[in-house]
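Geometric and topological summary
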Amino acid sequence: MSLNFYEMLGVSKTASSDEIKKAYRKLAKKYHPDRNDSAEASEHFKRVSEAYEVLSDPKKRSEYDNPPRSPFGNMGFGPGFEDIFSEFFGQQQRRPNRPPPPQKGPNRGIEIIIDLKDSVLGTTKQVKVQRMSKCSSCNGTGDTKATTYRTCNACHGTGSVTFRQGMMTMQTTCNTCNGKGKIKVNPCRNCSGTGIKQEAVNVKVAIPDGINDGMRLRVAEKGDWGPAGYGDLIALVRIRPDDRYRRSGDDIHSQVKLLPSECLGGCEITVETLRGDKTVTVPPCTAPGTIIRLSGLGARNLKTNTKGCHKIEIFLDMPTSLTRAQMESIESLQKSGL
């Protein structure tokens, strides 16, 4: 059967507002959590409070006394179906709130910008992070020896407030005490009773070799503090563009300019790679646009642990003018068929 608000307060349906108020005060005093520790008394207190909230408001009382009829009727389920339906959902709505389990503090996010060389070789960066840390004065409790608690007036110590929308009774966490049912008096002054305080900390972030632009690194327990410990620091790594090198996948690209004679006759050149200088032999008749691959000198693949190549693209460095001797040499080459 559905619960009758008039019966809960022990008054008739024609009772006046004063009679309803008097009945509620008597029952609230009898079942108040400050006087009774039993779960049964607490449930009685919730129910009479719910009944008084509806019957003391003329508009809510009128809606309660004259509920809208369902357009579907009983649909063949019998006269008691709506009562059973209301009781079932009412019990769900009135289920006592359980305090949530302790949670770690929120994660903190930062952005770290590094050079391309650091992304290939790996590095360690030290960053300053502003985070919410555990208050040292109260050890994160927000209390002192002088701290006391009083019952929350908004929810009468239940931690939840009940309101009615039409025929549905809704219950939600009390915003005044955040569901605790009590208000803190004389809290810790250092943190205003929150148990947390802002501080700046220096954090070392190890950046692995081969990291790509846009990857995120997690540094454990360097975020904000919570009842179950510190959250994590999430570092977004961005790679600064380089004028001499370009990364494509795991390969590093660079360019080398050679004179026409070096392309025709071949030569040895020293190439600056991100992993150090390397001597490279350019074979004769190397055409502009040729790619020379240096294996193992690219970036490390974080999944396969293999290294890419350093790819050198050959460009022709054409002179803007020629000496008489150079012209004679070119004429000689032309006569020889080159």
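These notes cover the structure that comes with them. (Residues numbered from 1 in each chain as written. Predicted model: local features only at pLDDT ≥ 70, side-chain atom pairs only at ≥ 80, totals over all residues. Heavy atoms only, no water.)

**Structural notes on the overall build of the protein**
When its secondary structure is counted, the protein shows eight helices and 17 strands. Looking at the 338 residues of the protein, the share that counts as buried comes to 33%. Within the protein, contacts between residues at least 6 apart in sequence are counted, and of these 64% link residues at least 24 apart. Within the structure as shown, the protein displays about 21900 Å² of accessible surface, and the carbon and sulfur contribution to it stands at 50%. (Helix = DSSP H or I, 4+ residues; strand = E, 2+ residues; numbered from the N terminus. Buried < 20%, exposed > 50% of the residue type's maximum accessible area, 1.4 Å probe, protein only. Contact = heavy atoms within 4.5 Å. Areas by Shrake-Rupley, 256 points an atom, 1.4 Å probe, with all protein chains shown as cover.)

**With respect to helix H8 (residues 324–335)**
The end-to-end C-alpha distance of H8, which contains 12 residues, comes to 17 Å, matching closely the 16 Å that a straight helix rising 1.5 Å per residue would cover. Note on H8: the residue one or two positions beyond its end, glycine 337, has a positive phi of about 100°. (Expected span 1.5 Å × (residues − 1).)

**Considerations on the environment of alanine 299**
Turning to its location among the elements, alanine 299 is positioned in the loop between strand S16 (291–294) and strand S17 (310–316). A relative accessible area of 0% places alanine 299 in the buried class. Setting aside chain neighbours within four positions, we find alanine 299 in contact with Val120, Arg247, Asp250, Ile252, Arg275, Thr306, Lys307 and Gly308.

**Side note on the state of the cysteines**
Inspection of every chain in the model, using the stated rule, returns zero disulfides. Cysteine cysteine 177 remains unbridged, with the sulfur of cysteine 155 as its closest cysteine sulfur at 3.7 Å. (Disulfide = S-S within 2.5 Å.)

**Topic: the packing of aromatic side chains**
Within a pair of aromatic rings, the relevant descriptors are the distance that separates the centres and the angle that separates the planes. Across all of its chains, the model carries three aromatic pairs by this definition. An angle of 15° between the planes, with centres 4.7 Å apart, marks the rings of phenylalanine 5 and tyrosine 64 as stacked. Taken together, the residues span a long stretch of sequence, with phenylalanine 5 in helix H1 (residues 5–9) and tyrosine 64 in helix H4 (residues 58–65) at a distance of 59 residues. Each member of the pair, phenylalanine 5 as well as tyrosine 64, carries the same accessibility label: buried. When the ring of tyrosine 6 is compared with that of tyrosine 64, the centres are 6.1 Å apart and the planes differ by 50°; the resulting orientation is tilted. Taken together, the residues tyrosine 6 in helix H1 and tyrosine 64 in helix H4 connect sequence positions 58 residues apart. A relative accessible area of 4% means that tyrosine 6 is categorised as buried. Looking at arginine 131, its charged tip hangs above the ring of tyrosine 230, at a distance of 4.2 Å from the centre. (Phe/Tyr/Trp six-rings, centres within 6.5 Å; stacked < 30°, edge-to-face > 60°. Lys NZ or Arg CZ within 6 Å of the ring centre and 35° of its normal.)

**Some thoughts on the nonpolar core**
Within the largest apolar cluster, 22 residues are counted, with the highest numbers of intra-cluster contacts made by Ile112, Val203 and Val205. Counting only elements with at least two residues in this core, the list comes to strand S1 (108–114), helix H6 (116–121), strand S2 (123–134), strand S7 (196–207), strand S8 (216–219) and strand S11 (233–239). When near neighbours in sequence (up to four residues on either side) are disregarded, valine 203 contacts Lys125, Gln126, Val127, Val129, Val219, Lys222 and Leu233. In this structure, Ala15, Leu27, Tyr52 and Leu55 belong to the second largest nonpolar core, which totals 20 residues. (Core = buried A, V, L, I, M, F, W, Y, C linked by side-chain atoms within 4.5 Å.)

**Structural notes on the sheet that holds S1**
What the three strands build is an open sheet, ordered S1-S11-S8; its pairing is mixed. Of all the strands in the sheet, just S1 and S8 have a single pairing partner and so form its edges. With direction set aside, neighbouring strand axes in the sheet form an average angle of 30°. Inspection of the sheet shows S8 paired to S11 by four bridges, in the antiparallel sense. Bridge pairing in S11 links arginine 216 to leucine 236. (Pairing = 2+ DSSP bridges. Axes fitted to C-alpha atoms, helices over the stretch in contact; angles between N-to-C directions.)

Everything listed is a geometric property; what it means functionally is a separate question.
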